[in-house]
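Commentary on secondary and tertiary structure
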Amino acid sequence: TEDDFTFAKEYAAHATYAIDNARLYREAREAISLRDEFLGIAGHELRTPLTALQLGLQRLIRESATPGDPTRLSKWVATCQRQGERLGRLVGDLLDVSRITSGRLPMVLEEMDLSALVEEVAARMGPELEKVRCPLVLKLQSPLPGRWDRSRLDQVLTNLLGNAMKYGQGRSIEVSAMATPEGVCVRVRDEGIGISSEDQARIFGRFERAVSERHYGGLGLGLWISRQIVTQLGGHIRVESTQGQGSSFTVELPRWVED
Ligand code: ADP
């Protein structure tokens, strides 16, 4: 009858509403638990360099109170500096997340040489690479001029090279940069732990870390931020990897990005 039909329609509408509500509720709970998990990870990640910095400062104070070997002093100064930089990068990443989500990550474009920037980043990371005895091979077409945001590209390269070092198991790392018909291409290749094809699809996501690699630490923000930067510069970033054999991250950029 007409009544039955109306009832059935209303019932169906209510049921859909209930299912939607259940889904929204589940999604909200997942978002809350992701947020809580992230806060825990972030707190832990920030505390590690902070503790190292505090210890370094204590040692510095103790060493400088007694006349001794000045090289020991400079060793502890370098330690504090390194940990301070690490803290700065973590805080910077956290600030970038809110800048990106609120659509405020302005690019400051200038004419520059990409190969020179790769050399600069490699030189800055030299001491850390040496510490883990990680050989670095640079294959750079030089010069490689273009118009990009220098400090943002520095951030992308630092992240990719830092990851290659972190997940590279001390094996050789190769960074190459060359001109392409469309613009330029930079590749960072390591021979480390590699990434499963399932994880390759996730790692550019926000807060995403490969499930099996939790013990390496990290906020899981570097690649997400790198992808936002490269996209804003009109380019692409992608990964090729075989688990257990290494990974290769490729950044392709047009040379002259318009304001
Ligand atoms: P983080 O390194 O801080 O966790 P990233 O966003 O830089 O965050 O990387 C996300 C995840 O991608 C890492 O947690 C790691 O599992 C994986 N990953 C990134 N680079 C490499 C690499 N070179 N080799 C293996 N795994 C990598």
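These remarks concern the structure in this document. All chains use their own residue numbering, which begins from 1 and follows the written sequence. Since the coordinates come from a predicted model, pLDDT governs what is reported: local features require at least 70, and pairs of side-chain atoms require 80 or more to be given and counted, while whole-chain, interface and lining totals use all residues. With hydrogens and water set aside, each side-chain value is computed from the structure's full complement of heavy atoms.

1. Quick word on the pairing of strand E4 (residues 173–179)
Only protein chains enter the accessibility calculation, which uses a 1.4 Å probe; a residue whose area is less than 20% of its type maximum is buried, one above 50% is exposed, and one in between is partly exposed. Secondary structure elements follow DSSP: runs of H or I no shorter than four residues count as helices, runs of E no shorter than two count as strands, and numbering proceeds from the N terminus. Of all seven residues in E4, five are buried; the element is thus mostly enclosed. We treat two strands as partners when DSSP finds at least two bridges between them. Inspection of the sheet shows strand E2 (residues 136–140) paired to E4 by five bridges, in the parallel sense. Counted as the bridge partner of Val137 is Glu174 from E4. Relative to strand E5 (residues 184–190), E4 is paired through seven bridges, and the arrangement is antiparallel. The residue of E5 that forms the bridge with Ser176 is Arg187.

2. Examining the side chain of Asp190
Residue placement: Asp190 occurs in strand E5. Charge assignment in this entry is limited to Lys and Arg as positive and Asp and Glu as negative, and neither His nor the chain termini are counted. Here, a salt bridge means any side-chain nitrogen of Lys or Arg that lies within 4 Å of a carboxyl oxygen of Asp or Glu. At 7.4 Å, Arg171 is the nearest oppositely charged side chain to Asp190, a buried residue that forms no salt bridge. In the analysis that follows, any N or O atom pair within 3.5 Å is treated as a polar contact, provided that within protein one partner can donate a hydrogen and the other can accept it, and provided that, for residues neighboring in sequence, both atoms belong to side chains. Side-chain polar atoms of Asp190 contact the backbone nitrogen of Gly192, separated by 2.8 Å. The contact definition used throughout considers only heavy atoms, calling two residues in contact when any of these lie within 4.5 Å. If we ignore the near neighbours within four places in the chain, the residues touching Asp190 are Ala164, Tyr167, Gly168, Ser172, Ile173, Gln245, Gly246 and Ser247.

3. Brief notes about the site of the ligand
In these notes, residues near a molecule or strand are those with any non-hydrogen atom within 4 Å of it. Taken together, 22 residues lie around the ligand, and Asn163, Lys166, Tyr167, Asp190 and Leu223 are the ones closest in. Tyr167 places a polar side-chain atom, nitrogen or oxygen, 2.9 Å from an oxygen atom of the ligand. Within the side chain of Asp190, an N or O atom sits 2.8 Å from a nitrogen atom of the ligand. Compared with its free state, where it exposes 530 Å², the ligand has 97% of that area covered by protein. Of all the elements in the fold, those that place two or more residues in the shell around the ligand are helix H4 (150–167), helix H6 (222–232) and strand E7 (246–253). A total of four residues in the shell around the ligand trace back to one element, the largest contributor, which is H4. Here the nonpolar group is Ala, Val, Leu, Ile, Met, Phe, Trp, Tyr, Cys and Pro; Asp, Glu, Lys and Arg are the charged ones; every other residue, Gly included, is treated as polar. Of the residues contributing to the shell around the ligand, the split by class is nine nonpolar, eight polar and five charged. For every accessible area listed, the method is Shrake-Rupley and the probe measures 1.4 Å; residues are considered covered only by the protein chains on display.

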